[in-house]
There are 2 protein chains.
Amino acid sequence: MTKIKYLLDESAMPTAWYNIAADLPTPAPAVLHPGTGQPIGPADLAPLFPMALIMQEVSTERSIEIPEEVQQIYRQWRPTPLYRARRLEQALDTPAKIYYKYEGASPAGSHKPNTAVAQAYYNKQEGVKRLVTETGAGQWGSSLAFAGALFGLEVLVYMVRVSYHQKPYRRALMEVYGARVVASPSEETASGRAVLAAHPDSTGSLGIAISEAVEVAVQREDTKYALGSVLSHVLLHQTVIGIESIAQLEQAGDYPDVVIGSAGGGSNFAGIAFPFIGAKLRGERNVRVVAVEPAACPSMTKGKYAYDFGDTAHLTPLTKMYTLGNSFVPSGIHAGGLRYHGMAPMVSHLLDLGQIEPIAVQQLETFAAGMQFARSEGIIPAPESNHAVAGAIREALRCKEEGVSQTILFNLSGHGHFDMQAYTDYQAGKLKDFEYSDEEVAAALADLPKVG
Amino acid sequence: MTKIKYLLDESAMPTAWYNIAADLPTPAPAVLHPGTGQPIGPADLAPLFPMALIMQEVSTERSIEIPEEVQQIYRQWRPTPLYRARRLEQALDTPAKIYYKYEGASPAGSHKPNTAVAQAYYNKQEGVKRLVTETGAGQWGSSLAFAGALFGLEVLVYMVRVSYHQKPYRRALMEVYGARVVASPSEETASGRAVLAAHPDSTGSLGIAISEAVEVAVQREDTKYALGSVLSHVLLHQTVIGIESIAQLEQAGDYPDVVIGSAGGGSNFAGIAFPFIGAKLRGERNVRVVAVEPAACPSMTKGKYAYDFGDTAHLTPLTKMYTLGNSFVPSGIHAGGLRYHGMAPMVSHLLDLGQIEPIAVQQLETFAAGMQFARSEGIIPAPESNHAVAGAIREALRCKEEGVSQTILFNLSGHGHFDMQAYTDYQAGKLKDFEYSDEEVAAALADLPKVG
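Novice: Whenever I open this one, the interface of chain B and chain A confuses me. Can you help?
Specialist: When the parts come together, some accessible area is lost, and that loss is often what is quoted as the size of the interface. Listed by partner, the interface residues are 44 residues for chain B and 44 residues for chain A. Summed over both partners, the interface of chain B with chain A buries about 4000 Å², with 55% contributed by carbon and sulfur atoms. In terms of surface lost to chain A, no three residues of chain B exceed Gln76, Tyr169 and Val176 of chain B, which account for 19% of the buried area on that side. Across the salt bridge formed by glutamate 10 of chain B and lysine 3 of chain A, the nearest N and O atoms sit 2.8 Å from each other. At the surface where chain B touches chain A, the tally comes to 25 residue pairs in polar contact (both at pLDDT 80 or more).

Listed below in C-alpha cells is the structure:
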C-alpha cells in the first residue's frame, strides 16, 4: 500500500491557535490612528470588533486557546487531510516529495471558516446580533454566512459588483446559508453613493466594499464588522492549518524543505506558514517559506512597505504593510480573493525581516498548474489556490533540474467548484496575463498617506 | 466533546465489494436478448463491456475483491466520513438520531467515482483505449472523466442537451478532466440524427443519450461503453458505502432502524442499502429500508414491474424492472440524476420481494429539506441527495410524533456546488411540483415490449 493520505484523529486536533507575535525578534509596527498619527488602543477598535478579538489582535501569548464550542464545529471537517501528491510527482517526473494540505474540505469549501466560526463565536458571546462584511470572490462571504447560520447571527455581505454578477452561484451559496448579499458599490451607504456619483459604472473593489461594510457596522450597537484576512487575529485563527500539517508530516516521517502558500490578504498563507516560521524563529528547524502572489496584484514584489489605509474611503486605521496604494485597482484576474492592494501587516513584517520569499506568478501559469493538478489529483483548485500549486510545481521542477529530493508542502486553500467559468475561459484561450509597469505602480503609490 | 464525525482508518477500508446476489431467496429474473427473447450470455455483452465486469454482473459470490490499484485510488477519499447530524436533530427537535454518510467528499463530488474508478481499471486491464457514456446532471460523466484521467483513457460523454446548456459548469468540470462532451441528441450518431429529424428542438433524455453512447461504443474495437447506474456490477461497486457505514455505526455503538437513499437508477441507494438488506436476508439484523424517488419520475411507486429496454432506441438488452416505459419523458425537475424511466433490476427485484419501501417526494419538499440541512449542517446537498434528506426528515418527524428515539441513516450522495441555479430558482419561487396522472403513466406503459 502506497500511503497518500495523512489523517489526524480528532483527538489530535489543535486545541490552541499559534500566535507568532510571541516569537518575533522585533514587534510588528504599531497600528496608527489616521487622525492623530498616534498608536491606537483597544477602545478605538471597539465599534468594529468584539473585545475578545481585539485582545487577540494585540496579544503576545504564544498559545491562544480555541473555545470548546469552536473546536466542536471545527471537528466537522478538521483535522483536514494532508495528501502526498504522488500522481502529480509522477506527472512531473520529479524526485521531490509534494504534500498538500486540503482546506477545501470545509463545508464552505475553503480555509475561511477557520476564522469565520471563531469570529461568529466571539461576537455571539458579546451579544452581537448582526455581522457585516465584504467579499470579493465570495469565499469569505460564504464562510461567514455559514458561521452566521450556525450561531443564529444575521449576516450582511457587500459583494464586489463584478463578482456579484460574474459569480451568481457563490452569491446563491451565501443566500442558501441565509445571508443578505448586496452588490458594492451600493446605494445603501454614503461611501457607496459617493463612488457611484463619481463612477456610475463602477464594478467595485475590495477596498470600496470594506468602506461600505465598516460604515454600516458602526451605525448600530448590535452590529459588528468582520474581516476575512489581513488582521492578526484572522491570521491567528488560520494557524490550525500549519499546526495540523506538522503533526501529519511527523506521521509521514517528514519535514518540509519549503512551505508554499498563495497570498492575497495573507491569511491562508499565514495559516500554513506561521507555525513553521515560528519553529525557525525559535531556532528549532530551518525551512524556506514562499509566498505566491499574482503578477496582476504584486503588493510584496512591487509594492512599498509603508503605512496605508485598508480601504478606499479611508475609514480604517493605518497599518504598515507592503502596499500598492489604497487607490490601486488590480486587473480583473480570476483569483478575486488575491486582488487586495495590501499584504497583512504581520506577513509584511516577516517579509521585512527576511523570513519569507515572495514570488509573483502570471495568471496563465497558475491555470496551467491548476489543470495539471486536477488531472493528476482529481481536485479542482480555486483560482487563488492555483498560485500555490504553481509555486509548488516550480519548486518540484527545480528539484528535478538539480537532482535533489526535497520535501515540498503547500496549502490547497480551497476548491474551484464555484469558479468553473474561469477554467472554461482558460481552456477557450480567453484569459490573459497582466503586468504593471514600474510607472503604473509608482503612480498608485504616490498618494500614500503621510505618516510620522 | 460531543461526537459528530466517525472516521475509519484507511486500513479499515473495505477490500471487497458485497454482492447481494449471494443472499437472494430467489435469483433476479434473467436479462433477455431483444431479438430472441432468450436469456443472454456473457458473449452478448462483450461488445459493450470488458469481460471482468460482465462476470461481476452475473456473479453470485458474496464477496468480490477490490483490485489493489482501485483500493489505492479509493484511499484518496475513502473511507468517507459518517456524520451524526446533531444540529439538524436540534433544528427538528426530534428524539431520533440522524446519521449521514457523506459521499460528496470524493474529488468529483459524489458517489459515482466508486464505480467509475473500478470500471476504468477493468477496461484499462483489457486494453480498452476509449470509454463512451451518457450523463444527465453530469455527476456520472464527471466521475468517469476523472477516472479516465487517472488511467489515461479517452472519455467521450453524451450529455443530455438540456443539462449541457443549463449546467455549463458540470460540463467544464468534465473538460478540465480531459473528456470530450457532446450535447445529445447529436448529429454524430444515427440514433441522435433520427431523434433530431423527428424533433429538431429535442432537449434530450438519458434514454436517448444511452442510445448514442452504445451506438458509438460498438463501432470500435478499442472502445467500450460505461454505465453509471442500473446494472448489477455498478451497484456492486457502490456497496463500499454501506459496508463502511456499518463499521462506523459500530464505532458509535449504533445500528439503524431505518436506512434511506434517494433513487433514480438505483446505485447510491443500493450502495448504502444492500449491505443492510443482506444482513436482513441472512437473518442477522432487522432494518427498514426506504427508497426515495421524485414524484416527477415515479418508477417504483407508479411504474410496472416488467421487461423493458434501457434506452429509447432499443439498443440495449431487455431487463425486468420497475419502469414507466422507455418512451416516458420525465418532467424537467432539477434532480436530473433521478430522471430515468426504470429502476435498477436488482433494486426492482428486492422491491418485488418486499425488502424495500418506496416513497415518492415532490420537488419543493426536497428543496425545503436541502435548505434546512444546509443551514444546520453546512453542506449543500445535490438536488438528487435532497430526496434522501427529505426522507430522513420525514422519518425524524415521525419519531417526534411517536415519541420514539430511532436511529436513521441516510446517504448524502453528493454536494450541490454545481447545482446552485436550482437553489436560486427555489428561493425565487420558480420551482414547481409535478405529478403524473394514472392516465399519463398508463399511456407511457402502453408500448412496453412484448416478452415471452
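Now that the structure has been shown, the text picks up again.
Novice: I tried to follow the packing of helix 2 (residues 51-58) of chain A against helix 5 (residues 113-125) of chain A on my own but got confused; where do I start?
Specialist: The axes of two packed helices give the description: the angle between them and the distance between them. Residue and element names in this part refer to chain A. At a minimum axis distance of 8 Å, the contact between helix 2 and helix 5 shows a crossing angle of 130°. Classified by the interaxial angle, the pair formed by helix 2 and helix 5 is oblique. Side by side, helix 2 and helix 5 meet where Ala52, Leu53 and Gln56 of the first sit next to Gln119, Tyr122 and Asn123 of the second.

Novice: Quick question: what am I supposed to make of the relation of the copies chain B and chain A here?
Specialist: Copies of the same chain, two in number, are related to each other by a rotation about an axis and a translation along it. The operation relating chain B to chain A is a screw motion whose rotation component is 180°, with 0.0 Å of axial translation and a residual RMSD of 0.0 Å. Given the turn and translation reported, the copies of this chain are related as if by a two-fold rotation axis. Across chain B, the smallest distance between a C-alpha and the rotation axis is recorded for histidine 417 of chain B, namely 3.1 Å. Taken as a fraction of all interface residues of chain B, those also at the interface in chain A reach 100%, which identifies the copy contact as same-surface.

Novice: I would appreciate a short explanation of the side chain of threonine 94 of chain A in the present structure.
Specialist: Residue and element names in this part refer to chain A. Turning to its location among the elements, threonine 94 is positioned in the loop between helix 4 (86-92) and strand 5 (97-102). Polar contacts involving the side chain of threonine 94 include one to the main-chain carbonyl oxygen of alanine 396, which spans 2.8 Å. What threonine 94 contacts, discounting residues up to four positions off in sequence, is Glu89, Ala396, Cys399 and Lys400.

Novice: Honestly, the packing of helix 18 (residues 420-427) of chain A against helix 8 (residues 168-176) of chain B in this entry has me stumped. Any pointers?
Specialist: Running from N to C, helix 18 of chain A and helix 8 of chain B cross one another at 55°; their axes reach a closest spacing of 9 Å. One element, helix 18 of chain A, and the other, helix 8 of chain B, form an angle in the oblique class. Considering the relative orientation of helix 18 of chain A and helix 8 of chain B, their crossing is left-handed. Of helix 8 of chain B, the residues touching helix 18 of chain A (which contributes Met420, Gln421, Tyr423, Thr424 and Gln427 of chain A) are Tyr169, Ala172, Leu173, Glu175 and Val176 of chain B. Split by residue class, the contact of helix 18 of chain A with helix 8 of chain B holds six nonpolar, three polar and one charged.

Novice: Would you mind going over the sheet that holds strand 8 (residues 180-184) of chain B with me for this structure?
Specialist: Strands pair in a sheet through their backbones, by hydrogen bonds, and they do so in one of two ways: parallel or antiparallel. Residue and element names in this part refer to chain B. Taken in spatial order, the four strands make up an open sheet running 8-7-6-9, and their pairing is parallel. Looking along the sheet, the strands with just one partner apiece sit at the ends: strand 8 and strand 9 (223-225). Mean inter-strand twist for the sheet, computed between neighbouring axes without regard to direction, equals 25°. Where strand 6 (residues 130-135) and strand 7 (residues 154-160) come together, six bridges link them in parallel fashion. Bridge pairing in strand 7 links valine 132 to leucine 156. Of the strands in this sheet, strand 6 and strand 7 touch helix 6 (residues 139-151), which is tilted by about 165° from strand 6.

Novice: Would you mind showing me how to read unusual backbone geometry here?
Specialist: Trans is the common state for peptide bonds, and a negative phi is the common state for residues other than glycine. Residue and element names in this part refer to chain B. Residue arginine 78 is joined to proline 79 through a cis peptide bond whose omega torsion reads -15°. Positionally, proline 79 belongs in the loop between helix 3 (68-74) and strand 4 (82-84). Each neighbour pair has its own omega, and for serine 184 with proline 185 the value is 5°, a cis peptide bond. Within the fold, proline 185 resides in the loop between strand 8 and helix 9 (190-198). The backbone of histidine 314 shows a phi angle near 60°, a positive value even though the residue is not glycine.

Novice: What is the right way to look at the pattern of salt bridges in this model?
Specialist: It is possible for side chains bearing opposite charge to pair when their charged atoms get close. Residues and elements named next belong to chain A. In total, this model carries 41 salt bridges over all chains according to the counting rule given. The salt bridge partner of aspartate 23 is arginine 282, with a shortest N-O separation of 2.8 Å. Of the two residues, aspartate 23 is situated in the loop between strand 2 (16-18) and helix 1 (42-45) and arginine 282 in the loop between helix 13 (267-281) and strand 11 (288-294); the sequence distance between them amounts to 259 residues. Since its relative accessible area comes to 9%, aspartate 23 is described here as buried. The class of arginine 282 is partly exposed, set by a relative accessible area of 34%.

Novice: Explain helix 13 (residues 267-281) of chain B to me, please; I cannot follow it from the model alone.
Specialist: Each turn of an α-helix holds 3.6 residues, which means side chains three or four residues apart point in the same direction. All names here are of chain B. Compared with the 21 Å implied by 1.5 Å per residue over 15 residues, the 19 Å span of helix 13 between its first and last C-alpha is a close match. Along its length, helix 13 reaches its greatest deviation from straightness, about 45°, at alanine 273, and the proline proline 275 lies no more than four positions downstream. Counted residue by residue, helix 13 has 13 buried out of 15 residues, so it is predominantly covered. Immediately beyond the C-terminal end of helix 13, within one or two residues, lies glycine 283, with a positive phi of roughly 75°.

Novice: When you look at the pairing of strand 6 (residues 130-135) of chain A in this model, what are you seeing that I'm missing?
Specialist: Within a regular beta strand, the side chains point alternately toward one face of the sheet and then the other, so they alternate between its two faces. All names here are of chain A. Along strand 6, six of the six residues are buried, which leaves the element largely enclosed by surrounding structure. The alternating pattern of strand 6 places Arg130, Val132 and Glu134 and Leu131, Thr133 and Thr135 on opposite faces, both of which are buried. A crossover connection joins strand 6 to the parallel strand 7 (residues 154-160) through helix 6 (residues 139-151); in handedness this β-α-β unit is right-handed. Sheet topology note: the strand 6/strand 9 (residues 223-225) ladder contains three bridges and is parallel.

Rules of the game
- Residues numbered from 1 in each chain as written.
- Chains lettered and ligands numbered in written order.
- Predicted model: local features only at pLDDT ≥ 70, side-chain atom pairs only at ≥ 80, totals over all residues.
- Heavy atoms only, no water.
- Contact = heavy atoms within 4.5 Å.
- Buried area = accessible area lost by both parts, 1.4 Å probe.
- Salt bridge = Lys/Arg side-chain N within 4 Å of Asp/Glu carboxyl O.
- Polar contact = N/O pair within 3.5 Å; in protein donor to acceptor, adjacent residues only side chain to side chain.
- Axes fitted to C-alpha atoms, helices over the stretch in contact; angles between N-to-C directions.
- Helix = DSSP H or I, 4+ residues; strand = E, 2+ residues; numbered from the N terminus.
- Parallel < 35°, antiparallel > 145°, perpendicular 65-115°, else oblique.
- Least-squares fit on C-alpha atoms with pLDDT ≥ 70 in both.
- Left-handed = near helix turned anticlockwise from the far one by under 90°.
- Nonpolar A, V, L, I, M, F, W, Y, C, P; charged D, E, K, R; others polar.
- Pairing = 2+ DSSP bridges.
- Buried < 20%, exposed > 50% of the residue type's maximum accessible area, 1.4 Å probe, protein only.
- Expected span 1.5 Å × (residues − 1).
- Bend = angle between axes of the 7 residues up to and from the residue.
- Right-handed = clockwise from strand over helix to strand, strands pointing away.

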